[in-house]
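Results of the structural survey
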Amino acid sequence: APLPMAPTVVGGAQATPPVAPAVAYPAREVPNFFQSPFREWDDEDAAQHAYNLAQWRVKILQAKVKQAKLRKQLFGDAAKADVEQQQQQQQQA
């Protein structure tokens, strides 16, 4: 219990100063805004993010393969057209 303070005289009458409460309030934690409030979800969120990145990588690589096939077909068709054009020029000459 806190020690009582000496009474003070106010306007000719004795007044006791307010006494601090005997109940100790718990200290409040300062919130950390850089940390997730749901720590148990952090691992799941990280796994989901990694999975999404892996899926994007797969889609990008599939698109590159498709582009390579189309490029090969395009160059093949262009090469055939060049050969046919050269043959026609040789036949005309």
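As the structure is a prediction and not an experimental result, all values here were calculated from the model.

What follows deals with the overall build of the protein chain. Assigned secondary structure in the protein chain consists of one helix and two strands. In sequence order, the secondary structure elements of the protein chain are arranged as β-β-α. Taken across its 93 residues, the protein chain has 0% of its residues classed as buried. Carbon together with sulfur atoms contributes 59% to the accessible area of the protein chain, which is approximately 9500 Å² in total.

Turning our eyes to something else, we now look at a negative patch on the surface. Together, E40, D42, D43, E44 and D45 give the surface a local cluster of negative charge. Take D43: its relative accessible area is 64%, and that puts it in the exposed class.

Before going further, it helps to spend a moment on the confidence of the model for the protein chain. Reading fine detail from the predicted coordinates is not recommended where pLDDT is low. Chain-level statistics for the protein chain give a pLDDT mean of 79 and a share of 70% at 70 or above. Model confidence for the protein chain, summarised as mean pLDDT per element, is weakest for strand β1 (residues 8-10) at 55 and strongest for helix α1 (residues 42-92) at 91.

How each quantity is defined
Residues numbered from 1 in each chain as written. Predicted model: local features only at pLDDT ≥ 70, side-chain atom pairs only at ≥ 80, totals over all residues. Heavy atoms only, no water. Helix = DSSP H or I, 4+ residues; strand = E, 2+ residues; numbered from the N terminus. Buried < 20%, exposed > 50% of the residue type's maximum accessible area, 1.4 Å probe, protein only. Areas by Shrake-Rupley, 256 points an atom, 1.4 Å probe, with all protein chains shown as cover. Patch = residues over 30% accessible without salt bridge, like charges linked within 9 Å, V, L, I, M, F, W, Y side chains within 5 Å. Salt bridge = Lys/Arg side-chain N within 4 Å of Asp/Glu carboxyl O. Lys, Arg positive; Asp, Glu negative; His and termini not counted. Charge placed at Lys NZ, Arg CZ, Asp CG, Glu CD. pLDDT = per-residue confidence, 0-100.

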